[in-house]
Amino acid sequence: HYSQQRMMASAYFDGVQAMYALCFTFSLVGLGLAVALIWVAFTSAQTEPEGWVAALASPMLVVKNDVTFLSILAPLSLALAYRNIRSVIGAIAALSLLLGVAVVGMDQSRVAMVTMIISIACTASLLRPRFGAACALGSLFLVLFIDSILGFPLITKFFVRWEGSGRLSLWLA
C-alpha cells in the first residue's frame, strides 16, 4: 500500500492547496508558452507554424507537434478555473486555457487539436456531465474559427491532404 501511494504525485503534497499550486504552476507554464508562440507568430517573418516553433527557440517545444503539450496542460487549467472562477488564479487559468486552444488552432496540428478537445471534454465531463459537451463544442468552435481566419488549413489537412492510414494508427494509440 505504501509503495503504491508513493507513486502518486498527491502523496508528496500536504493538502488541497498544494495541488492547486501545482495546477497553477502548470497553468502559468501553458500561459507563458501560448503567449510566446502567439507573439512569435505575429512578430516574426515566419509564416508557417514550423517556423514559429523554431523562432521561439525553446527547449520545451522543438517541433510543431510539441504544441500538443498545451493540450496536456489544458485539463489542469480547466479544473483550476472551474474551482476558482471568481479569483485571479481562476482568471489566469482560464486565460491559459483559452490561449492554449487558440495556439492549437493556429498551429494546425491535428494531433494537438484532437487531444485538446478530448482532454477538455473529458475533464469538463468529470466536473459536470453537461458541462463536458459545452466545453468540447466551445473549444472546437474556437479552433474552427481560428482555422477559418487562416483560410482553413486544418480542415484541409483533415479532409484533402489526408496521409492515409499512417496517422490513423497513431491516433488509435
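Our structure's up above, just so we're on the same page.
All figures in this text were calculated on a predicted structure; none of them were measured in a lab.

Draft legend 1. Representation of the nonpolar core within the structure. Within the largest apolar cluster, 36 residues are counted, with the highest numbers of intra-cluster contacts made by Leu37, Val67, Leu78, Val103, Met113 and Ile120. Of all the secondary-structure elements, those providing two or more residues to this core are helix 2 (16-43), helix 3 (49-56), helix 4 (68-83), helix 5 (88-107), helix 6 (110-127), helix 7 (129-149) and helix 8 (153-159). The element contributing the most residues to this core is helix 6, with 8 residues. Non-local contacts of valine 67, meaning those with residues more than four positions away in its chain, are made with Leu37, Val53, Leu61, Val103, Val104, Asp107 and Ala112.

Draft legend 2. Broad picture of helix 7. Compared with the 30 Å implied by 1.5 Å per residue over 21 residues, the 31 Å span of helix 7 between its first and last C-alpha is a close match. One or two positions beyond helix 7, positive phi appears at glycine 151, with a value near 95°.

Draft legend 3. Spatial organisation of the side chain of serine 119. Counting through the fold element by element, serine 119 comes out in helix 6. With a relative accessible area of 15%, serine 119 lands in the buried category. Filtering out sequence-adjacent residues up to four positions away, serine 119 remains in contact with Ser71, Ala74 and Pro75.

Draft legend 4. Broad picture of helix 6. Counted at 1.5 Å a residue, the expected span for helix 6 with its 18 residues is 26 Å, and the 26 Å between its end C-alpha atoms agrees. Among the residues of helix 6, Arg110, Val111, Ala112, Met113, Met116, Ile117, Ser119, Ile120, Ala121, Thr123, Ala124 and Leu127 are the ones counted as buried.

Draft legend 5. Geometry of the packing of aromatic side chains. Counted by the stated rule, this structure contains 2 aromatic pairs. Both rings, one in phenylalanine 141 and one in phenylalanine 145, keep their centres 6.3 Å apart while their planes meet at 20°; by these two values the pair is stacked. Here the residue phenylalanine 141 and the residue phenylalanine 145 both occupy positions in helix 7, the gap between them amounting to 4 residues, near one helical turn.

Draft legend 6. Region of interest: the packing of helix 4 against helix 5. The N-to-C vectors of helix 4 and helix 5 enclose an angle of 150°; their axes lie 8 Å apart at closest approach. On the basis of the axis angle, helix 4 is roughly antiparallel to helix 5. Our pair here, helix 4 against helix 5, has a crossing hand that is left-handed. Judged by residue contacts, Leu70, Ser71, Ala74, Ser77, Leu78, Leu80 and Ala81 of helix 4 engage Ile89, Gly90, Ala93, Ala94, Ser96, Leu97, Gly100, Val103 and Val104 from helix 5. When grouped by side-chain class, the residues that make up the contact of helix 4 with helix 5 number 11 nonpolar, 5 polar and no charged.

Draft legend 7. Just unusual backbone geometry, in detail. Despite not being glycine, alanine 57 has its phi angle at roughly 50°, a positive value. Take alanine 57: it is sitting in the loop between helix 3 and helix 4. Overall, the relative accessible area of 63% leaves alanine 57 in the exposed class.

Thresholds applied
Residues numbered from 1 in each chain as written. Predicted model: local features only at pLDDT ≥ 70, side-chain atom pairs only at ≥ 80, totals over all residues. Heavy atoms only, no water. Core = buried A, V, L, I, M, F, W, Y, C linked by side-chain atoms within 4.5 Å. Buried < 20%, exposed > 50% of the residue type's maximum accessible area, 1.4 Å probe, protein only. Helix = DSSP H or I, 4+ residues; strand = E, 2+ residues; numbered from the N terminus. Contact = heavy atoms within 4.5 Å. Expected span 1.5 Å × (residues − 1). Phe/Tyr/Trp six-rings, centres within 6.5 Å; stacked < 30°, edge-to-face > 60°. Axes fitted to C-alpha atoms, helices over the stretch in contact; angles between N-to-C directions. Parallel < 35°, antiparallel > 145°, perpendicular 65-115°, else oblique. Left-handed = near helix turned anticlockwise from the far one by under 90°. Nonpolar A, V, L, I, M, F, W, Y, C, P; charged D, E, K, R; others polar.

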